[in-house]
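# Report on the structure
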There are 2 protein chains.
Amino acid sequence: MKFTIEKNVILDNLNNVIKAISTKNVIPILNGIKFEMKEEGLYLTASDSELSIKSFIEKKKIKNVESLGSIIIQSKYILEIIRKMPQDIINFEVIDGLKIKIYTDNNQYNLNCFDPSDFPNIKFEEHKEPIMIKSSVLKDMINQTVFAISTQELRPILTGVNFKFSLNSIVCTATDSYRLAKKSIKTDVNLNNDLEVVIPGKSITDLEKIMGEDSDVAIHVFNNKILFVYKNIYFQSNLLSGSYPNTDNLIPTEFEYVIKTKLQDFNDAVDRAALLTQGKDKNIVKMLVNKELLTISSSSSEIGKVEETINIESNNTNAQDISFSSKYMLEALKTMKEDEILILLNSDVKPIVIKSVKDESLIQLILPIKSY
Amino acid sequence: MKFTIEKNVILDNLNNVIKAISTKNVIPILNGIKFEMKEEGLYLTASDSELSIKSFIEKKKIKNVESLGSIIIQSKYILEIIRKMPQDIINFEVIDGLKIKIYTDNNQYNLNCFDPSDFPNIKFEEHKEPIMIKSSVLKDMINQTVFAISTQELRPILTGVNFKFSLNSIVCTATDSYRLAKKSIKTDVNLNNDLEVVIPGKSITDLEKIMGEDSDVAIHVFNNKILFVYKNIYFQSNLLSGSYPNTDNLIPTEFEYVIKTKLQDFNDAVDRAALLTQGKDKNIVKMLVNKELLTISSSSSEIGKVEETINIESNNTNAQDISFSSKYMLEALKTMKEDEILILLNSDVKPIVIKSVKDESLIQLILPIKSY
């Protein structure tokens, strides 16, 4: 294998596949990136056992191809090596079968490689009629939910994001059992049966990062894996096994308190009140709703106390207080995009629901914390 | 004490004094910042036992002063609290003697405070005729030397920067005994006797950060402490005790090899060669000088090897190789400002000296590493 390529082209594609390299991986060959030059162009592939990414550079984007072939280049330092190359045109050449020479006029790296035959044979299967979605829409769905997954391995199924594909909708849910984020979009999905999968949190986060400018994404769902094809990138993740809890009945449909307020004001007030809860486990703040005023407060026996007041519109003139995790609330508010939000309450022991005033597609739910 | 002040004014001054708060400090009162409102304005003071900083806000920069007095406010969170305040005008009011209320229209913090009488009485003494220097000059002197101090407590005196004040010069030296950085400036110093002090590395680094726009700095040297007065800031540090080694005889004055090359080319070549030495202790790279070419190489049995070539002008056509720490070399090169530098060598066991072609004031010395 011998070819010449522009620095930015190889760098962009390496950046895509390197996300599949796990720092926790102990199998040496999986620390490598497969370079495979074929007639049609260069394929880069990387995989831990959970996530596999393939990035394709078509031949016309490669300056010169002198010979085909394949090799496994160690991923350690490869990005930095390419990034720091002194010229914009870089040469790659396999020498002695198991080494790669990466060079320009005045510098050269000779890197030890792995044998391509030792690399796992990863199949990126595709359906004839995949589910199609815009990458901008998919990015939003991920960003608005993935933060709510569980980080604890106690219930592994909750460490992923649940996707439900139906004939005319895609619904995305994440919960760590203390809070829940749910995003639904209406779209035509070409499906005979409903499909439900749970995608590992790390995979879906990496997918979100890889998607840059808006483009179509083809989603191919299989029994134990899912493939996303975005531009020249094939992104394939294992699925979490087990059944995702039914979360629909957790979300109240009627509320005693329907409170409208400015997103920014509420966010900043919680943020300031949260300052004194730093370093504590739950970051609890207390909220008091009283007619047209909402007060958020917190206290620390060591540091002192804080009290914030903002204006609200409410359907209920009774006073109500409720305590919650400021960290969870700030993360939920971050997903909101409009100027005004609805805070929906029933009592101090029932879930808090946050919604946009206009947009029905996004629901953020936070369980209150009892604090006496 | 009760006053109203602009957010940016109080924030800037808090940012100055907070550098004297040590995270390792175990004496509770030293985690506090002294606020002292007098007729002429507000003094903020903070201190660990080694470094004390006082920042003065003159009365005309304070919106409104309702009453004088003093209190010790805990430094934890104070910067964030002020930074996040929702309005540009902030009120401070001592309540119940040992609490401070910091508030705007819709929010208020009530913070527990310490008794001002428990705060150490720090004297910021001044000489009548201090040593004067421009802050831009002093900043350069610090930046070009302080990185070379020792981080090991084995020889405590080497963890500081040595300043020698004479009638017509200031000389700044730092060394960890493997490398040395020395900067000399010519200036009129009003002194009867030469003065030599060693300033702790942390103090001198903090001083560099505090100095923003160019202004005069007055330096007041005492037996066991040094005071820098820059604008409205009083910056006082303890001195390291003990005698600093005489480093003058370490720097060779004659060289077998006088090599001229481009700073950027040499820097980038060392930087790229250093990539494969990452994670190793010494980051050793090898340099070979041969007529008009300089080759820098390194290798890692695990990853592979790298070789870089740059053009040089040399007074000596004999080949010479020498190995050194790439980390030390890159740090030394970072202090150079001109396009071309001189690399001065004698043999593979004698010090490497790096100088600017034009500027004689700065010397960087690095000991070679024997590598067989």
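Residues numbered from 1 in each chain as written. Chains lettered and ligands numbered in written order. Predicted model: local features only at pLDDT ≥ 70, side-chain atom pairs only at ≥ 80, totals over all residues.

### Looking at the overall build of chain A
What chain A contains, in helices and strands, is six helices and 26 strands. In terms of overall dimensions, chain A has C-alpha extents of about 80 × 55 × 35 Å along its principal axes. Residue burial in chain A is summarised as follows: out of 372 residues, 37% are buried. Nonlocal contacts in chain A, meaning residues at least 24 apart in sequence, comprise 67% of its contacts between residues at least 6 apart. (Helix = DSSP H or I, 4+ residues; strand = E, 2+ residues; numbered from the N terminus. Buried ≥ 20, exposed ≤ 12 C-beta atoms within 10 Å, placed from the backbone. Contact = placed C-beta atoms within 7 Å.)

### Overview of the domain arrangement of chain A
All names here are of chain A. Under the domain assignment used here, chain A contains domain 1 (2–118), domain 2 (131–248) and domain 3 (251–366). In this complex, domain 2 contributes 12 residues to the contact, which on the side of domain 3 involves 11 residues. With seven residues, strand β13 (residues 179–186) is the largest single contributor of residues to the side of domain 2 that touches domain 3. (Domains from an automatic or database assignment.)

### Side note on the nonpolar core
If you look at the biggest cluster of nonpolar residues, it comprises 195 residues, and the most contacted ones within it are Ile-33, Ile-73 and Val-161 of chain A together with Ile-33, Ile-73 and Val-161 of chain B. Ignoring sequence-local partners within four residues, the contact set of Ile-73 of chain A consists of Gly-32, Ile-33, Phe-35, Ile-78, Ile-100, Leu-111 and Cys-113 of chain A. (Core = buried A, V, L, I, M, F, W, Y, C linked by C-beta atoms within 7 Å.)

### Focus: the interface of chain B and chain A
Taken together, the contact between chain B and chain A spans 29 residues of the former and 28 residues of the latter. Here the side of chain B that touches chain A gets seven residues from one element, more than from any other, and that element is strand β21 (residues 304–311) of chain B. Here the side of chain B that touches chain A is built from residues that sort into 10 nonpolar, nine polar and 10 charged. In this structure, strand β9 (residues 107–114) of chain A lies alongside β21 of chain B, joined through five bridges in antiparallel fashion. If you follow Tyr-109 of chain A over to β21 of chain B, its bridge partner there is Val-306 of chain B. (Nonpolar A, V, L, I, M, F, W, Y, C, P; charged D, E, K, R; others polar. Pairing = 2+ DSSP bridges.)

### Side note on the relation of the copies chain B and chain A
For the match of chain B to chain A, the screw axis carries a shift of 0.0 Å, the RMSD comes to 0.0 Å, and the turn is 180 degrees. Interpreted geometrically, this transformation is the action of a two-fold axis. Considering only C-alpha atoms, the residue of chain B closest to the rotation axis is Thr-23 of chain B, which sits at 16 Å. (Least-squares fit on C-alpha atoms with pLDDT ≥ 70 in both.)

### Some points on the packing of helix α5 (residues 263–274) of chain B against helix α6 (residues 326–333) of chain B
All names here are of chain B. Where α5 contacts α6, the two axes come as close as 10 Å, and the packing angle between them is 155 degrees. Classified by the interaxial angle, the pair formed by α5 and α6 is roughly antiparallel. Between α5 and α6 lies a crossing of left-handed hand. For the pair α5 and α6, the contacting residues are Leu-263, Phe-266, Asn-267, Val-270, Asp-271, Ala-273 and Ala-274 in the first and Ser-326, Met-329, Leu-330 and Leu-333 in the second. Within the contact of α5 with α6, the residues separate by chemical class into eight nonpolar, two polar and one charged. (Axes fitted to C-alpha atoms, helices over the stretch in contact; angles between N-to-C directions. Parallel < 35°, antiparallel > 145°, perpendicular 65-115°, else oblique. Left-handed = near helix turned anticlockwise from the far one by under 90°.)

### Observations regarding the sheet that holds strand β25 (residues 352–356) of chain A
Residues and elements named next belong to chain A. Read across the open sheet, the nine strands follow the order β14-β11-β12-β13-β26-β25-β24-β18-β22; overall the sheet is antiparallel. Since the sheet does not close on itself, it has two edges, and those belong to β14 (195–200) and β22 (313–314), each with one partner. Across four bridges, the pairing between strand β24 (residues 340–345) and β25 is antiparallel. Of the residues in β25, the one forming a bridge with Ile-343 is Ile-354.

### Focus: the environment of Lys-34 of chain A
Residues and elements named next belong to chain A. As for its placement among the helices and strands, Lys-34 is situated in strand β2 (residues 32–38). Residue classification places Lys-34 among the buried residues on the basis of 21 C-beta atoms within 10 Å. Between the C-alpha atom of Lys-34 and that of Ile-73, which follows or precedes it by 39 residues, the distance is 6.4 Å. The residues contacting Lys-34, other than those within four sequence positions of it, are Leu-44, Thr-45, Ser-70, Ile-72, Pro-116 and Phe-119.

### Quick word on the pairing of strand β16 (residues 225–230) of chain A
Residues and elements named next belong to chain A. Taken together, the five bridges between strand β15 (residues 216–221) and β16 define a ladder with antiparallel strand orientation. By the bridge assignment for β16, His-220 is matched with Leu-227. Where β15 hands over to β16, the hairpin turn is made up of three residues, counted between the paired strands. Note that β16 and strand β17 (residues 233–238) share six bridges and pair antiparallel. Across the sheet, the residue bridging to Phe-228 is Phe-235, located in β17.

### Comments concerning unusual backbone geometry
Residues and elements named next belong to chain B. The backbone phi angle of Tyr-77 is positive, close to 70 degrees, even though this residue is not glycine. With respect to the helices and strands, Tyr-77 occurs in the loop between β6 (69–74) and α2 (78–83). Given 19 C-beta atoms within a 10 Å radius, Tyr-77 is considered partly exposed. We note that Lys-291 has phi near 55 degrees; this positive angle belongs to a residue other than glycine. Position of Lys-291 among the secondary structure elements: in the loop between β19 (284–290) and β20 (293–300).

### Here we look at the sheet that holds strand β18 (residues 257–262) of chain B
Residue and element names in this part refer to chain B. One open sheet accounts for nine strands, arranged β14-β11-β12-β13-β26-β25-β24-β18-β22; its pairing is antiparallel. Of all strands in the sheet, those with a lone pairing partner are β14 (195–200) and β22 (313–314), marking the two edges. Summarising the sheet, β18 and β22 pair through two bridges and their orientation is antiparallel. By the bridge assignment, Ile-259 is partnered in β22 with Ser-314. Sitting on the sheet, helix α4 (residues 201–210) is in contact with β11 (160–165) and β14, with an inclination near 85 degrees to β14. In the packing of α6 onto the sheet, contacts are made with β13 (179–186), β25 (352–356) and β26 (362–366), and the angle to β26 comes to roughly 175 degrees.

### Section: the confidence of the model for chain A
Averaged over chain A, the pLDDT score is 95; the fraction of residues at 70 or greater is 99%. Across the interface, the model reports ipTM at 0.89; the global pTM reads 0.92. (pLDDT = per-residue confidence, 0-100.)

### Quick look at the pairing of β19 of chain B
Taken residue by residue, a regular strand's side chains alternate between the two faces of the sheet. All names here are of chain B. Across six bridges, the pairing between β19 and strand β23 (residues 320–325) is antiparallel. Bridging across to β23, Leu-288 finds its partner in Asp-321. Relative to β20, β19 runs antiparallel, the two sharing five bridges. Bridge pairing in β20 links Lys-286 to Ser-297. Linking β19 back to β20 in an antiparallel pair, the connection comprises two residues, with Lys-291 at a positive phi of about 55 degrees.

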